[in-house]
Amino acid sequence: MVIFGATGDLNRRKLMPALYRLAYDRRLPAGFSVVGVSRSQLSDDDFRNRMCQAVKDFSEDTAFDADVWNSFSRGLFYVPGDVADPGLYQRICAKLGEIEQKRQTGGNVLFYLSVQPSYYARAAAGIGESGMARGNGWRRLVVEKPFGHDLASARELSAELHQVFPENEIYRIDHYLGKETVQNILAFRFGNGIFEPVWNRRYVNHVQITAAESIGVEGRGSYYQETGALADMIQNHLLQVMATIAMEPSASFQADSVRDERSKLLRSIRPMTPGQVVENTVAGQYGPGRIGGKEVPGFRQEQGVDPRARTDTFAAVALFVDNWRWAGVPFYLRTGKRLPKQVTEISVHFHSPPLRIFDGEADELTPNLLIVRIQPEEGISLRFLSKRPGRGMKLRPVSMDFNYGSSFGERSPSAYETLLLDAMIGDATLYTRQDMVEASWQVVEPIETVWRDDRHEPAPYEAGSWGPAQADEMLARRGHVWRQP
Amino acid sequence: MSTALVPDKILRDLSKMWASLAHSEGGAPSGGVLRACSLTLVVLAAPGEDPVALSEILAALMPMHPAQAIVVRLGGSDTPAAEVTARCWMSFGQRRQVCSEEVEITAPENGLDDVVTALSPIVAPDLPVILWCRGEQAMEAASFGRLASLATRVVVDASQWPDAKPAIQRVYDLARHAHVGDLAWTRLTPWREMISEVFENTNYAGRASEIVRIHVVCAGKAPVEAYYMAAWLSDSLTQAGAHFELQMEADETGGMRQLQQVELFAGAFTVKLMRLRDTLAIEMDGVSRCINLPQSRDDLLMSEELDILRADPVFERTLQAAARLRIE
């Protein structure tokens, strides 16, 4: 595996701990090796020491085992250099040849681009020009989001990658799809007989998908102010989650079969006109506030952020799917930074019974709700009304809960463990395909066009709150309220 | 495990706690505990309140109303902090423990604002939130309104406050912004049940309108309970079409401050309820009957209040009547 950007945050925090855990679980082949590539001048041993520290710092639920590490780290190598330097690829090529001889890797290579998106095309071209895209074994390319910054740039990037790798060898990673609960949505919907019959407009009133972060931009201010919540979260993660929740059953659990259905769903989302954007979307930006007993700055006061930045740190959208199953059912997606807690959840709100025969206040007789918790506490809850013990027919909402953490005696693999292993074995089910990326941009681009207009200003919200009041009003117009996760 | 007052950290600690409770030492699922939660109970402890005594109250309350309990102690520390624990019990005849989670938050005396900010993300979603205010001090804080707005219902005990009339006014003001319950009102349940039974009797059904005088007697300075009783009787009898005179007599030399006696005079009959130590006696037409008064324990009173998760229309009407009451 060749990791470009090997001294970066993603590798230290996610990739290396995931690879170490796979080694710990003996899921990696004996000769598995990593070639780290980055600009810093490091020796193999320097790189190993850094990665050892990263594994110790960022492996959340895996004990550090010196024996496992020693064995794993013997396969770590480092090649310094600039992605723009053609000589770098020759050196990587030579290193791969050396490793193939020494460690019997069989010639299979997974290239992982963990560099700035502007270097993707250059890196891919370098791999192609040096002849590394073809070899004895398979050659695959993993690309991190963002896949372009709009539809045109996404197409352009794809065209550049396709000059070196065919589509079936490009793995666009969306780590949300690697999460156990997101995968479990498929098991829940298509492995059980009782949910699918009610999974449609006749029974479902609306769906809410919330991905809240309690942190601010944490030193990524200059990057984030160019991106915003809509492009950073909704264009990829949340639309993929929505596609998983709303897609038609696939004929089989083959990668392309599942991805065809996801893609079809994304293409069925109705793109908005400028007038609909005003009605069905809310952009927000956090101001200063107080969280955990400490004052926190507003977005415009964050380091590296332009004090006049109009970036959306909160985005809420109401989307409609133009197909028979979902016609008329709103899908509300919201995401934001500096919200009260870190949580990602899907809530499916069912219709109320057609006739209310029991007494009670309206907010007591709440309709059924199915909640899929993606993080931090992965699980599924079903809320329904039950009679309270005692005299009279008094109803109270109760909840039936399934919790991943306590229901199974084994830990859930991290998203990156799942996805890296899938890429190695050639299973692209949980990876995003080019047509899905384009379909997502077709949904998001009309919104971005309106939001980028000089007359558009994001609505302010206090850090630690659930976003601007306009987001509540957007739902209130259809008689709905955001569920507080 | 103690942690800073950061919601994500508290939630992570809770999650770890449940995962560890679900697994035996060896890591395999033990099937040992059932996680129970029907509401969130936020308890705002009184200043200097004995933690052990409060813990005993919650221990008695949880099997009746399993809840996510969040105990807030202001003045308990210089910096806000939180600690998570599980409270477990064994249901009768069952093998499996039932557990509910508890978060204890300590904060400086003026730290209610930070506590409120932290509470909103940690309360159990989709379930009622009951705020139990065990002291009046925190109610004076500027952010108390924010705290009350998080709650589906706020429960106080106005009988703990020194003067009845201002106490009732304060509960009334609070009721304009939230559904409110008052343990002082809950203590009247056996009295109200006995009086109601009189008029459910076929001989007296429909004769409430004949009442011409209500006489409420209390020991010590008139407590909130006496005002609630007078207000409830006034409101109910007015609705029944009675025209009556209301008298309240306080024997300020007379021992513990409590409701002592209630008399209803009609032309043809008299109803007299009186407290005799731990019993409540009723006399009517020369016939008397006596019941044991339930212990006035906070867990029992609170358990009764937790049966009502939103508005209590009878109490809210009585509260309005009590705030209007003019008794010399």
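Residues numbered from 1 in each chain as written. Chains lettered and ligands numbered in written order. Predicted model: local features only at pLDDT ≥ 70, side-chain atom pairs only at ≥ 80, totals over all residues. Heavy atoms only, no water.

Visitor: Is there a simple way to explain the overall build of chain B in this structure?
Guide: Within chain B one finds ten helices and 15 strands. Here the C-alpha coordinates of chain B stretch approximately 75 × 45 × 35 Å along the principal axes. The proportion of buried residues among the 328 residues of chain B is 54%. In chain B, once contacts between residues fewer than 6 apart in sequence are set aside, the share between residues at least 24 apart is 75%. Accessible surface computed for chain B: about 14700 Å², of which carbon and sulfur atoms make up 50%. (Helix = DSSP H or I, 4+ residues; strand = E, 2+ residues; numbered from the N terminus. Buried < 20%, exposed > 50% of the residue type's maximum accessible area, 1.4 Å probe, protein only. Contact = heavy atoms within 4.5 Å. Areas by Shrake-Rupley, 256 points an atom, 1.4 Å probe, with all protein chains shown as cover.)

Visitor: Teacher, can you tell me more about the overall build of chain A here?
Guide: A tally of helices and strands in chain A yields 14 helices and 16 strands. Of the contacts made within chain A by residues no fewer than 6 positions apart, 76% connect residues no fewer than 24 positions apart. With the model as given, the accessible surface of chain A reaches about 20800 Å², and the carbon-plus-sulfur share is 50%. Separation of charge centres in chain A, based on 57 positive and 60 negative side chains, amounts to 4 Å. (Lys, Arg positive; Asp, Glu negative; His and termini not counted. Charge placed at Lys NZ, Arg CZ, Asp CG, Glu CD.)

Visitor: Hey, could you run me through the interface of chain B and chain A in this one?
Guide: By a frequent convention, interface size equals the accessible area lost on bringing the separate parts together. The partner chain A presents 26 residues to the 28 residues of chain B that form the contact. Of all residues in chain B, Asp8, Asp126 and Arg310 of chain B give up the largest surface area on contact with chain A, accounting jointly for 26% of the area buried on that side. Arg35 of chain B is paired through a salt bridge with Glu377 of chain A; the nearest N and O atoms lie 3.2 Å apart. Counting across the interface, chain B meets chain A through seven residue pairs in polar contact (both at pLDDT 80 or more). Within the residue set of the side of chain B that touches chain A, elements represented by two or more residues are helix H1 (7–22) and helix H3 (112–122) of chain B. It is H1 of chain B that provides the largest number of residues to the side of chain B that touches chain A, a total of seven residues. (Buried area = accessible area lost by both parts, 1.4 Å probe. Salt bridge = Lys/Arg side-chain N within 4 Å of Asp/Glu carboxyl O. Polar contact = N/O pair within 3.5 Å; in protein donor to acceptor, adjacent residues only side chain to side chain.)

Visitor: What am I meant to see in the pattern of salt bridges here?
Guide: A pair can form between side chains of opposite charge whenever their charged atoms are brought close. Overall, the coordinates contain 51 salt bridges over all chains when judged by the stated rule. Put simply, Glu345 of chain A and Arg483 of chain A hold a salt bridge, and the shortest N to O gap is 2.5 Å. Of this pair, Glu345 of chain A sits in strand S12 (residues 343–350) while Arg483 of chain A sits in the segment after helix H14 (469–476), placing them 138 residues apart in sequence. In this structure, the salt-bridge partner of Glu140 of chain B is Arg170 of chain B, at a minimum N-O distance of 3.3 Å. Pair noted here: Glu140 of chain B is in the loop between strand S7 (129–133) and helix H4 (144–150) and Arg170 of chain B is in helix H5 (residues 164–175), with a separation of 30 residues, a long-range link. Glu140 of chain B sits in the exposed class, given a relative accessible area of 54%. Taking the relative accessible area as the measure of exposure, Arg170 of chain B reaches 24% and is therefore partly exposed.

Visitor: Would you take a moment to explain the confidence of the model for chain B for this structure?
Guide: Regions with low pLDDT carry predicted coordinates that are not meant to be interpreted in detail. With 95% of its residues at a pLDDT of 70 or more, chain B has an overall mean of 88. Across the interfaces of the predicted complex, the ipTM metric reaches 0.76, alongside a pTM of 0.86. (pLDDT = per-residue confidence, 0-100.)

Visitor: Mind showing me how you'd approach the side chain of Asn323 of chain A here?
Guide: All names here are of chain A. Inspection of the secondary structure puts Asn323 in the loop between strand S10 (314–320) and strand S11 (330–336). Only 3.2 Å separates the side chain of Asn323 from the backbone nitrogen of Arg325, close enough to count as a polar contact. Excluding anything up to four places from it in sequence, Asn323 contacts Glu248 and Leu265.

Visitor: How do you make sense of empty space enclosed by the protein when you look at a structure like this?
Guide: The rolling of a water-molecule-sized probe over the atoms marks out the regions of remaining empty space. Residue and element names in this part refer to chain A. Taken as a whole, this structure holds four cavities of 30 Å³ or more when the rule is applied. Each pocket or cavity is described by its volume, and for the largest cavity that value is around 50 Å³. Secondary-structure elements contributing two or more residues to the lining of the largest cavity are helix H8 (221–246) and helix H13 (434–451). By residue class, the composition of the lining of the largest cavity is three nonpolar, five polar and one charged. Of the pockets and cavities examined, the second largest cavity occupies roughly 40 Å³. Lining the second largest cavity, in full, are Gln208, Thr210, Glu345, Ile346, Ser347, Arg483 and Pro485. Elements with a contribution of two residues or more to the lining of the second largest cavity: strand S7 (204–212) and S12. Of the residues forming the lining of the second largest cavity, the biggest block, three residues, is contributed by S12. Looking at side-chain class alone, the lining of the second largest cavity contains two nonpolar, three polar and two charged residues. (1 Å grid on protein atoms, 1.4 Å probe; cavity = no way out; pocket = protein on both sides within 12 Å on 5 of 7 lines; lining within 4 Å. Points joined across faces, edges and corners; volume = space filled by probe spheres on them. Nonpolar A, V, L, I, M, F, W, Y, C, P; charged D, E, K, R; others polar.)

Visitor: Explain the environment of Pro146 of chain A to me, please; I cannot follow it from the model alone.
Guide: Residue and element names in this part refer to chain A. Within the secondary structure, Pro146 sits in the loop between strand S5 (139–144) and helix H6 (151–162). Spatially, the C-alpha atom of Pro146 lies 7.3 Å from that of Asp232, the residues being 86 residues apart in sequence. Ignoring sequence-local partners within four residues, the contact set of Pro146 consists of Pro117, Tyr120 and Tyr223.

Visitor: Got a minute to help me understand the packing of aromatic side chains in this structure?
Guide: All names here are of chain A. Across all of its chains, the model carries 21 aromatic pairs over all chains by this definition. Consider the rings of Tyr286 and Tyr461, whose centres lie 6.4 Å apart with planes at 65°: the pair is edge-to-face. Residue Tyr286 is found in strand S8 (residues 281–291), and its partner Tyr461 is found in strand S16 (residues 459–463); the two are separated by 175 residues along the sequence. Judged by its relative accessible area of 2%, Tyr286 falls in the buried class. A centroid spacing of 5.9 Å and a plane angle of 65° characterise the contact between Tyr332 and Trp482, whose relative ring orientation is edge-to-face. (Phe/Tyr/Trp six-rings, centres within 6.5 Å; stacked < 30°, edge-to-face > 60°.)

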